Amino acid sequence: MKKVIFLRPFLVIYFSLLLIYLLWMLAVWPGILGPDSLAILLEVDTNREFQSGKPPFWFLHTYVFYNYAKLVEVPILVQIFLCVFVLSRILAWMYSNGLKKYFIFSLFFVACGPGLVYYVSSLYSDGIYAVCLSGLLFEIWRCCRNRRIDFISGLMIFLCVPYAVFSRPNGILNLVIIFALFFILKGLERRKAVFLVGPWIFVGIAVNVMLPVRNSIGTIFPMVLYETVGFLEKRPMGLWERNEPRVTDKTVQALTSSGKTLEHISDYYDHYYWDPLIFFSDGPNLLSLPGESKKIIVKEFFKYNLWHNFPAFAASKINIFFYSGLAMGGIAGPTNADNILPQTESVSRIRPFEFFTNSYIIKYFSFSERYHGLIWAPWIGCLTIIFAFVLGIRRQAKLEILVVGVYVIQFFAVFVFSIAGEYRYLLSFFTAPLVTLPIIAYLRGQVRRQPL
C-alpha cells in the first residue's frame with residue numbers, strides 16, 4: 001500500500017518536471033554552454049592536451065557521454081534525467097507525508113526555479129552537484145533514521161554519490177556524511193552501504209590517479225593571491241602610510257618576481273573576479289609566478305598580511321558572497337552555444353526545434369534574470385539551513401545536526417575560498433530546502449508517518 005501511495009505522486013511529478021525541463025531544453029538546444037563548458041569540451045576533444053582544470057570525474061562524465069557521438073546535448077540530457085529523478089523522489093516523499101505547503105514551495109520555487117533549470121541544462125557540474133548533494137543528504141538522513149537501506153534509498157545513494165562528491169572540488173567535504181552512514185548502520189545494512197558507495201570511492205580515487213590535473217591551481221593559493229592583491233589597492237585616505245606596511249616586503253618581492261610591477265598588477269584587480277589577474281592576455285598572469293614565490297605569498301599571508309588587513313579581507317568575502325547570491329555574475333545567455341560550439345568538434349545542431357513555446361520560455365528567462373536578486377537568490381535556502389541547524393541543537397538531534405552541518409561546512413568553505421562572484425557556487429544552498437524542510441517537519445512532529 002505504501003509503495004502505491006508513493007509511486008503515483010512520484011510518476012506524476014516526474015513526468016511533469018521532465019516536461020518542463022525538456023521544453024526549456026528544446027528552446028536552448030543543445031543546452032547552455034559557457035566558458036567552463038568550452039574548457040571541458042576542449043579537454044575531451046584534444047584528449048587532455050588542453051587542460052580545463054576541472055575535477056577528473058567531471059572530465060570522465062563529459063568524455064563518456066560526449067566523446068563517442070560528439071553531441072553535447074547527450075551529457076546534458078543525462079544530467080536532466082538524473083536530476084529530475086532525484087527532485088521527484090524528494091517531492092513525492094513530501095507529498096506522501098502530508099507536507100503539502102513544503103511540497104508546493106519546493107516544487108515551484110526550487111525544482112522549477114529558473115536558476116536550477118538553467119544550470120541543470122548547462123554543461124556545468126554545479127547543477128547536478130547541487131541536486132545530487134540534496135538527494136544524498138536526504139537519503140542518508142532517511143536511512144540513518146530508519147536504520148535500513150531500502151531499494152529506493154539504495155538507488156538514490158548510488159546515483160548521487162559520484163556527483164555529490166567528485167564533480168566539484170569542494171564535494172570531497174561531503175564524505176563526512178558518508179562515513180556517518182557507515183558508522184550509524186550495522187550488520188547487513190552497513191554492508192549494503194559499502195556495496196553502494198565503495199565502487200564510487202574506488203572510481204573517484206582511480207580517476208584522480210589516472211587522470212591527474214596538470215598545473216592544478218589549488219584552493220588556498222588562489223584565495224591568498226587574490227586577497228593579497230586586494231590589500232594593495234590604492235586608498236586615497238592614505239592612512240596606511242602613517243602606520244605599518246600593508247603587506248610585507250617579501251610579499252611585494254614575490255608578487256613582482258615575474259617582472260610585473262605592482263601598478264600593473266593592481267590595474268587588473270577586480271572586486272568581484274580574480275580572472276583578470278590570471279587569464280587576461282595583457283594582464284599580469286600571476287599563475288606563472290615561480291613556485292618559491294607562491295610559497296612565500298601564502299606564508300606571508302597567514303603570518304602577517306591577513307591579520308593586518310582583516311577588515312579588508314572580511315569586506316571582500318562579504319562583497320563576493322552577496323554579488324554571487326544576487327546572481328549578478330557572468331551568466332551565459334540562452335543562445336551562447338552559437339559562440340561555443342564552433343570552437344569544438346561537436347556536431348550538435350543549434351536550436352533545430354521551432355516550437356511555439358520557445359519564445360515564451362526565453363521571455364520568462366529574461367524576466368527572471370531581471371529580478372535575479374529575488375527569483376534566483378538562495379536566501380530562503382540559507383535561512384532554512386540556519387533554522388534546521390538551530391532546531392536540531394535545541395532538540396539535541398545529533399543526526400539532523402550532522403546532516404544539516406554538511407551545508408554549514410560547505411557554506412563556510414564557499415564563503416572563505418570563493419574568489420569569483422559566481423552564482424553557481426551557491427546553487428547547493430538554493431536546493432537546500434529539499435533537505436532542510438523535511439528535517440524541520442520531522443523535528444516539529446509534522447511528518448505523518450515514519451519516513452518512507
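Heads up: the structure comes first, above all this text.
> Report on unusual backbone geometry, specifying residues and quantitative values.
For the peptide bond that leads from tryptophan 29 to proline 30, omega is 10°, which places it in the cis range. Following the sequence through the fold, proline 30 ends up in the loop between helix H1 (2-27) and helix H2 (35-45). Of note, arginine 147 is a non-glycine position whose phi angle comes to about 60°, a positive value. Along the chain, arginine 147 turns up in the loop between helix H7 (125-146) and helix H8 (151-166). Arginine 147 gets classed as exposed once you look at its relative accessible area, which sits at 51%. One non-glycine residue, glutamine 396, adopts positive backbone phi at about 55°.

> Now, about the side chain of arginine 48: what can you tell me, with residues and values included?
Within the secondary structure layout, arginine 48 lies in the loop between H2 and helix H3 (56-66). Assessed through its relative accessible area of 10%, arginine 48 is described here as buried. In this structure the side chain of arginine 48 is engaged in a polar contact, spanning 3.4 Å, whose partner is the backbone oxygen of leucine 211. Residues within four places of arginine 48 in sequence aside, it is in contact with Glu43, Phe59, Leu211, Pro212, Val213 and Arg214.

> If you had to explain the pattern of salt bridges to someone new, which residues and values would you point to?
Counting across every chain of the model gives 15 salt bridges. A salt bridge links arginine 424 to aspartate 36, with the shortest nitrogen-to-oxygen separation between them at 2.8 Å. Highlighted residues: arginine 424 in the loop between helix H21 (398-417) and helix H22 (427-430) and aspartate 36 in helix H2, separated in sequence by 388 residues. Considered together, arginine 424 and aspartate 36 belong to a single accessibility category, that of buried residues. A salt bridge links arginine 168 to aspartate 126; the shortest N-O distance between them is 3.0 Å. Here arginine 168, found in the loop between H8 and helix H9 (175-184), pairs with aspartate 126, found in helix H7; they are 42 residues apart in sequence, far enough to count as distant. Here the residues in one salt-bridge network are Asp36, Lys54, Asp126, Arg168, Glu422 and Arg424, joined through shared partners.

Rules behind the numbers
- Residues numbered from 1 in each chain as written.
- Predicted model: local features only at pLDDT ≥ 70, side-chain atom pairs only at ≥ 80, totals over all residues.
- Heavy atoms only, no water.
- Helix = DSSP H or I, 4+ residues; strand = E, 2+ residues; numbered from the N terminus.
- Buried < 20%, exposed > 50% of the residue type's maximum accessible area, 1.4 Å probe, protein only.
- Polar contact = N/O pair within 3.5 Å; in protein donor to acceptor, adjacent residues only side chain to side chain.
- Contact = heavy atoms within 4.5 Å.
- Salt bridge = Lys/Arg side-chain N within 4 Å of Asp/Glu carboxyl O.

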